[in-house]
Amino acid sequence: MESQEFDIGTFAGGCFWCMVKPFDEQPGIIKVVSGYTGGHKENPSYEEVCSETTGHYEAVQITFDHKQFPYEKLLEIYWQQIDPTDPGGQFYDRGESYQTAIFYHNEEQRKIAEESKRRLQESGRFQKPIVTKILPAKPFYEAEEYHQHFYRKNPARYHAYSNGSGRVDFIKRHWGEEVEK
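Bear in mind that the values here come from a model prediction, so they are computed numbers and not experimental data.

### Concerning helix 4 (residues 107–123)
The end-to-end C-alpha distance of helix 4 is 24 Å, a good match for the 24 Å that 17 residues give at a rise of 1.5 Å each. Buried residues of helix 4: Q109, I112, A113, S116, K117 and L120, and no others. Relative to the axis of helix 4, the buried residues are bounded by an arc of 135 degrees and lie together on one face. For helix 4, exposure combined with an orientation more than 90 degrees from the buried face picks out E108, K111 and E122. The N-cap of helix 4, judged by a side-chain oxygen 3.2 Å from the amide nitrogen of E108 a few residues on, is N106. A positive backbone phi angle near 80 degrees is found at G124, which sits one or two residues after helix 4.

See the structure below:
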């Protein structure tokens, strides 16, 4: 049997509950994990990250088969889940831990992410500058189990949150009805 090598993509897009479903169960996506990255404390807890003292972002780490689902496609889905013009967080979640960022794992990902960001800025889809950071990947710490695949475990609460936060309306306004949420 031929061994399969997979790639990893890491994205911060505000509340990680809302960042799993759009990627989950796509062909070529092996797994999506909610967690924390970009900070200075090893193995932080949710409470520590929310206290804004660890420097971490809430993020998702996606293991994917690049032959079946290229990195460019991950970026396309990512941009359609966030407000890339908001430097202070996402929707009603405010603070450093809810800011947007693409964490690249190699030089190729960095170049692809920079080009994708440039194209989005030039598209005119947004009136304000794209402020999403593109940063080198740092250690990724899995979030507590109750955060993993929250949309499956608590569908009513997930639906109320994603709608109530303003994320769903924002996505519809900027990307249309066809976007996976």
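### What about the pairing of strand 7 (residues 133–136)?
Note: strand 6 (residues 100–104) against strand 7, 4 bridges, orientation parallel. Bridged to I102 within strand 7 is I134. The parallel pair strand 6 and strand 7 is bridged by helix 4, and the resulting crossover is right-handed.

### Comments concerning the environment of T85
Relative to the helices and strands, T85 is located in the loop between helix 3 (71–79) and strand 4 (89–90). C-alpha of T85 to C-alpha of L120: the two residues are 35 residues apart in sequence and 11 Å apart in space. Here T85 is in contact with F126, K128, P129, I130 and V131, once residues within four sequence places are set aside. Engagement of the side chain of T85 in a polar contact is seen with the side chain of D83, the distance being 2.6 Å.

### Some words on the packing of helix 3 against helix 4
Two elements in contact, helix 3 and helix 4, have axes separated by 10 Å at closest approach and are oriented at 40 degrees. In terms of axis orientation, helix 3 runs oblique to helix 4. The hand of the helix 3/helix 4 crossing is right-handed. Taken together, the residues of helix 4 that come into contact with helix 3 (itself represented by Y71, E72, L75 and W79) are Q109, I112, A113, S116, K117 and L120.

### Digging into the sheet that holds strand 3 (residues 57–64)
Reading across from one edge, 7-6-1-3-2-8 is the order of the 6 strands in this open sheet, with mixed pairing throughout. Looking at the sheet topology across the chains shown, the edges are occupied by strand 7 and strand 8 (140–142). The average undirected angle you get between the axes of adjacent strands in this sheet is 35 degrees. The sheet contacts of helix 3 involve strand 1 (7–13), strand 2 (29–37), strand 3 and strand 6, and relative to strand 1 the element is tilted by about 15 degrees.

How each quantity is defined
- Residues numbered from 1 in each chain as written.
- Predicted model: local features only at pLDDT ≥ 70, side-chain atom pairs only at ≥ 80, totals over all residues.
- Heavy atoms only, no water.
- Helix = DSSP H or I, 4+ residues; strand = E, 2+ residues; numbered from the N terminus.
- Expected span 1.5 Å × (residues − 1).
- Buried < 20%, exposed > 50% of the residue type's maximum accessible area, 1.4 Å probe, protein only.
- Arc of directions from axis to C-beta.
- Polar contact = N/O pair within 3.5 Å; in protein donor to acceptor, adjacent residues only side chain to side chain.
- Pairing = 2+ DSSP bridges.
- Right-handed = clockwise from strand over helix to strand, strands pointing away.
- Contact = heavy atoms within 4.5 Å.
- Axes fitted to C-alpha atoms, helices over the stretch in contact; angles between N-to-C directions.
- Parallel < 35°, antiparallel > 145°, perpendicular 65-115°, else oblique.
- Left-handed = near helix turned anticlockwise from the far one by under 90°.

So, to be careful, I would describe these as geometric facts and stop short of saying anything about function.
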